[in-house]
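Per-entry structural report
Next come the chains, spelled out residue by residue.
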Amino acid sequence: MAHVDTSSLTLEVRAKLAELDLELSEGDITQKGYDKKKAKLLEPYLQPVRIIPPQSPKKEPQNQKPPKYVKSKQKKTKNNIGSHKQYHRDDRFRSDLHTEAVQLALVKHSKSKRVPVVPLGLKRTSLVTHSIHADSDDTSDEEASAPGSLNNSLKNNIDDSSSDVSTASVKPSPLIRPKIDPTSVQLRSTKDLKLKLTKTITPVGASSDDDASSSGASHHSNNHQRPTPLTEKIADIMPQILPSSRPNSQRIPPDVANISAMNTPPPSSRHPNAKSPHNAVRGPSIGRSSTASSEDEDAQAVTKVSAKIQQLLNTLKETEEPPLSPKKQTASSVMDIAKKLQRPKKKPLAEYFQDDQDELEALPVEENAPKPGGPVSKPLRAESQTEQTNFPHSLEAAIHRFGTANPKAPCLTTLTPNGKNSTTLTYGKLLSRMRKVAYMLLHKRGIQPGSRVALVFSNSDPIVFVSTLYGCMLAGLVPVAVEVPMSSHNSGSSQLGFLLGSCGVDVALTCDNCLKNLPKNEKGEMIEPRGWPKLRWIPTDSKHLPKAPPNWEPNARSPDNQLAYIEYKTGKQNSVVGISHPRMVILNHCRAIVSTLCYNPGDVMVNLLDFKRGIGLVHGLLTSLFTGMHVFCIPYALMKHDPMQWLNIVTKNKVSLALVTSRDLHWTLAMHRDNTHVDLKTLRMLLVSDAANPWSLGSSDVFLREFERRGLRRDAVCPCAWSQEALTVAVRRPGTEPIATTISLHSLSYGVVETQLNDQATTLMIQDVGTIFPGATVAVVKLDDSLEFCRTDEVGEIILSPVRAGDVQSCYYGLAGISDKIFNMQPKSGKAKYIRTGLLGYVGPSGRVFVTGKTESLLRISGRMHNADDIVATVLAVEPMRFVYRGRIAVFSIEVLKDERLVIIVEQKPDATEDECFKWMSSVIQAVDGIHGVGIYCLSLLSPNGLPKTPLGGIHLSETIQRFVEGELKPCNILMCPHQCVTNLPKPRQRHNDIGAASLLQGQVVTGVRLAEASGRPLPPISDGELDSDLPAPKKKGKHPSGGKTPGSDSKMRSQFIGEILKWRAATTPDHPLFTQVNSKAGTAVQATCLQLHKKAEKIAQLLMSCPSSAGVPSGGLSKGDHVALMFNPGMDLIAGFYGCLYAGCVPVPIRPIHAHAVSAATVTVKMIVNVSKAVAILTNGHTARVLKSKEVSNALGPQDGDWPPIIDIEESPRKKQPISYRPPTSEMLAYIDFSVSTAGTLMGIKMSHIASIQLCRSIKMQCELYPSRSVALCLDPYSGLNFVLWCMNSVYSGHHSFLIPPSEVEANPLLWLQVVSQHKIRDAYLTYSIMEFCTKDLAPKIPALKAKGISLSNMRTCVVVAEERPRIQLLTNFTKLYKDLGLSMRAVTTSFGCRTNIAIGLQGASCPDPSTVFVDTRSLRNDRVSLVEKGSPHSLCLMETGKILSGAKIVIADCDTRGQCADSRLGEIWISSPHNSNGYYAVFGAESGNNYGDHFEVHLNTGDTKSTFCRTGFLGFLRRTELTSSTGDRHDALYVVGSLEETLEIRGMRYHPMDIENSVIRCTSKIMDCAVFLSNNLLVVAVELDATENCALDLVPLVTNIVLREQYLITGVVVILDPGSIPVNSRGEKQRMHLRDTFLQDRLDPIYVAYNM
């Protein structure tokens, strides 16, 4: 090789040269391969002249040193392939030409573009160090070894700038789900919450100019925060998949509105201590989706991600590449991988989306694809051969002939697994034993002739097996040979049991060794394998056989049409069928083999195959014994221990025939040493049984070259094409020279045979497998269902018409319909009937048969056909000796989104690091795409021996597929590439912002269409003494408890204030119980009557008006109108504190207190609410006061947050008692402030006036028919929304008795809720989804016991779930069905609905119609439409009515874009007009400048009812008129809520609701406890909670990706595996998705595993 200056080479080339030198020194590559690879690397730097490279002078010292693998030959090693430390290449798939093609594809890829960054999955340390259990048993062909330590450091896989980023991991409790409400949600980042409040609080009506200027300044100065490792990892993979990798028709319009991001300095120049650019909590963005506003995404500390995405978008905007032609697409497949998986751009959608069209894109069709051009082939019939007449008339007759003529002639010899001892069975002994077996079965065991019996033998007992097999034939029984079920979890064990059951097998014949190894319980009793029928186990060893009478013979000869045996076959979908072969078919086939291959009694055969089935049974036992030859059976365990033993037997016994597989030859070559005593001159036929795999002949050629000097003749290698249905299809005769040809893999994928030169890159060299048997006919038919003959240059399925034995033929046992299609297939242009062999290939001009693969290994991907074995060869060619463990690779395809997707499962070497794994996976992706032009959907790496095995150590492919689909493989590393493979996503929806005449008319009346409008019952105006009806008659009027006027005076003013109503009830019904708080034992903890509650409220009011000196309040006490924060646990103190504030003229602000076990997560939010609400004091009890003053709380706040306001303990006494005589001057004054954190992470405080609160209580009283005689159970978190109203106000207004059940008590004891409801015969109950989930999961197995204890729910008429979301129908249904046995009515369980603008919109009452359900098409919902479908329809979604509309409320459906009133059953935003609407936002934390929040409360329709004033709820829904009748006699209008606009995910122009995606994910497997989805930088992130061990975490990645693609037509970008309870939820049981997103991006989540899909 010419000298090349290495200093002039690039760093990449020099690194590859150094890697080559290392491989040569370690013996991982030969000198020839080293020279070729080095020449390829240096070729661009040499003169363009073809020069034979000489030895480089610099490499002479290294070349003189022999490689390690040469030295290893000189060392004395053990003959054990399992202990051999040198890993050899798998010669079964060896092709130097193919290896060079793979390396060339990788080199071209590296030259075209930089190597793509494969997203390295983030593992938890415990998962990295966890040793994944590898299946190991006595039949394992692999050495048991634990996986090596994996490098989990992120700094080796991301930019250097992230090396100093510290990670704060907070591990949540694996059992307890964190409950968070306003006080326990850490809103966005903690640092953001510590910014000045003047920049984050936006009071309604305040000017936004200052906010805009300050926001812009803050964004400019704080835009240099250092990204976290997780955000950097997302930034690394974003250029590969978004947005340039998507076609135009699938691309989201670039958001280039944020120009300021373009001017930010590069990430490397940013200050590491910079602040976050925006505040932590966004304002309410009603009407906008998560992706519609990219400014919301910028609120996170992901400046590097934003800069990279913006730079990529600007680059795409400047340089738009034209679409590639189909021809160029195929030619540049490697280039496409180099361009970060960018696919050709597609034609954009020019019209509106239509619901009735097929959503998925059509698969691309290559116009220039190769097409067959030869003439139509014709069936080829082999010449007839003269039949011999001296054959025995049956198989057992042959044993009788040789057993009587020469009884001492050796018949079968078997060796022990260690190879030291051997046992020989003579023909005489075989005849005697088969007679004894037949006699015992017929006369001693009473088995009738014709019955099916199971033969359960291991691979080391051929003598007992053959005696039992021939004994069954002699007795007229039908043997069914199956594998030994060593455990219930054996691969395919249950399917074999199903086969035995379908065959009617009730007797199992076995030997003592197998019977001893069967699974047993502690008492020694046999455990029936899973799925197996009840069997009688009968040992057939010689010691168990009775002696048959001398003259005993079976009653009659078995007919020829009787079955000889049934052989099982495992299909691709792990289904097992039984192939039944009649006696005459097997007899004729044995005669044909003997005649064709010239078998004679003097031959000696070595059988390395499975003697129980397939070619090992027919050729190795039946035909050989039919001829009278001597057979050596080599057990599988011996081949593992000493693969050279069979060569010694060939040499010693002058064996002439050998049955082998390519794996046996590979093992022999791996353990071969210079054994001079090996002599193969007598071997005239080496039958290779797996010649249906073209790559298997590679090991045959290598074996031939190696042992040709030992006497092995070239014409002795005889490949055989075998089919379980047609038996031997073709075999090359001994003494026949092979015919080899080279065909194009690209043309072969289109089913075309195109011969090419050997120097082509993507070629496959195949050899013939000989000719068919004499008298048979062979043909090739197309692979589709046309049943037409192929052309001469076209690959199809080989069909065979053997010499028929009358009407006797093989079939699938018990499957007549399928058998007729397989065994009696008749082509269109032919009259003869054929058997489908399942082999792919063609017939050459000389009549030779060429096999290219099997139909079961055929992968149909995007209109092309790929052979799994070809892909295995490509994968092995990528650094084969450094990564793949023992060449164990499984390749298959699964159907996802109406197309097959390529899946590759590989066993990695135990010492492979995680970096090496992902580097190797990157090379595999490039090589497979470059050679085969197909993208890998999933590439999974398992630990050694992780793939399920067949009894002979091969890969159990069907079991592998089943475990992959079910998530049971337990991989070590996994890489999903859906962005590369999935090209048929639905067309994106294009939104048109211009509003025309048609848009304005949308939703109006069109030829009788009804407008979407509904109202509740009319709410009468407040009248004088309307509550007097609650008084028991006769009731005398007494004095007012405050000493003022009588209850009858000023009744109208009294009815407008909830505090005055309490005073009135305390005066009129002082002993009437209002509240009862229960304890953990369902007893009464605290009970308050009207008077007791009034007295306690008076005390608190006096305490507020004259605070004690310890509270730090000025001596004058609190003033009228001051805001007071209420921090109490759910109970009576909260209610008394609320009314105490009203008595004192203060405005209460209920806040969830800080829990002692979640101080850091709640302190910042609680302090923020206190500051935002401008609370001048905190009213609480002693326990909470101590928590607020603790060191933990002080450390969580920091010095810049300031101190708490004065803390007032209600347990203290006031300084002096003052008269309570305050009454608000007007009912429009503020009653209380309601703060809540939405599921999108927005903190909003709403104002509730006295009149709005009273109107809400009046509506609830009228709707639910609540009176003082009623009893209501409340199990809520009473801090916001309808929960607070029901807990504190509704009972005082209506006078009913409320049983207060703290949610914390139910979480500790779910039985508490049932006990209270049953004991007090509650009629109306209100609870949250979290409480319902606790009662459903924990009490499900205890229902019979509860019923026996007398727990009854028969008195309950309504059980309402208080929520602000779409009803969870599955949970409601499970709850109803579960407690149906306890008397719960099916119509009792309903839901309520509310939002921030109106906390109670829908609520089910006793007289309301039953809640109705409808089924809608999810595809139409994505496009903002409603399409009603029937139950069970594809893509159907069940929606439940969200309660009856409250009295006095009016609902309309408005179009989100035009604000026009929609028609009935049309999707739009829900608007409400009601007297109990909220009075506006008090403050919104994280408000964006320019947002007019007053628009949410005072909006008008552009079309329809334009005069009314409405409030926007921010929820999508629709109205539908039902056939039910309401209480007013009118038809009932049902309101259906679809989801929140603030939470919707807008992807590809379509609107997705997180709940739909999450429900799909939860249904896919029982290992997922819960799920939450969100968007991050246009990537769909799916976070799931693992309900299994950590080593099952990686199994969830393909399951989640598959289910989201199949049901939602979405590609998952990131899959996050979490511990149970990691997904935060608020007090209403709603998931806090934005809080989860911020925690994830800030690297504070501590996930088990994070997978980044390419």
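Below, the structure is looked at part by part. (Residues numbered from 1 in each chain as written. Predicted model: local features only at pLDDT ≥ 70, side-chain atom pairs only at ≥ 80, totals over all residues. Heavy atoms only, no water.)

Here we take up the overall build of the protein. The helix and strand tally for the protein stands at 49 helices and 56 strands. Taking all contacts inside the protein whose residues are at least 6 apart in sequence as the whole, residues at least 24 apart take part in 79%. With the model as given, the accessible surface of the protein reaches about 63800 Å², and the carbon-plus-sulfur share is 51%. (Helix = DSSP H or I, 4+ residues; strand = E, 2+ residues; numbered from the N terminus. Contact = heavy atoms within 4.5 Å. Areas by Shrake-Rupley, 256 points an atom, 1.4 Å probe, with all protein chains shown as cover.)

Within helix α26 (residues 816-823), the full set of buried residues consists of S819, I822 and F823. Projected down its long axis, α26 carries its buried residues within an arc of 75 degrees, all on one side. The inward-facing, buried residues of α26 abut β10 (576-582), β21 (811-812) and β22 (835-843). (Buried < 20%, exposed > 50% of the residue type's maximum accessible area, 1.4 Å probe, protein only. Arc of directions from axis to C-beta.)

A few words on the sheet that holds strand β9 (residues 563-570). Within the open sheet, the seven strands sit side by side as β8-β7-β5-β6-β9-β10-β21. Their pairing is mixed. Either end of the sheet is taken by a strand with one partner, and the two such strands are β8 (536-539) and β21. Note: β10 against β21, two bridges, orientation antiparallel. Residue S580 lies in a different strand from β21, and its bridge partner there is C811. Relative to strand β5 (residues 452-456), helix α16 (residues 462-475) is tilted by about 175 degrees, and along the sheet it contacts β5, β6 (478-482), β7 (507-510) and β9. Of the strands in this sheet, β9 and β10 are in contact with helix α19 (residues 583-597), which crosses β10 at around 70 degrees. (Pairing = 2+ DSSP bridges. Axes fitted to C-alpha atoms, helices over the stretch in contact; angles between N-to-C directions.)

One full turn of an α-helix is made of 3.6 residues, so residues set three or four places apart face in the same direction. Considered for burial, the residues of helix α22 (residues 645-653) that qualify are Q645, W646, L647, I649 and V650. Where α22 ends, the next residue or the one after it, K654, has phi of about 50 degrees, a positive value.

A two-sided burial pattern is seen for strand β25 (residues 864-867), the buried positions comprising R864 and H866 on one face and M865 and N867 on the other. Judged from the four bridges that link them, strand β24 (residues 858-861) and β25 form a sheet pairing that is antiparallel. Across the sheet, the residue bridging to I861 is R864, located in β25. The antiparallel pairing of β24 with β25 creates a hairpin that spans two residues between the two strands, and S862 there sits at a positive phi of about 55 degrees.

So, on to the pattern of salt bridges. Tallying each qualifying case throughout the model produces 45 salt bridges. With a shortest N-O distance of 2.9 Å, E396 and R583 are connected by a salt bridge. Within this pair, whereas E396 is found in helix α14 (residues 395-405), its partner R583 is found in helix α19, the two being separated by 187 residues in sequence. Under the relative-accessibility criterion, E396 is labelled buried at 11%. (Salt bridge = Lys/Arg side-chain N within 4 Å of Asp/Glu carboxyl O.)

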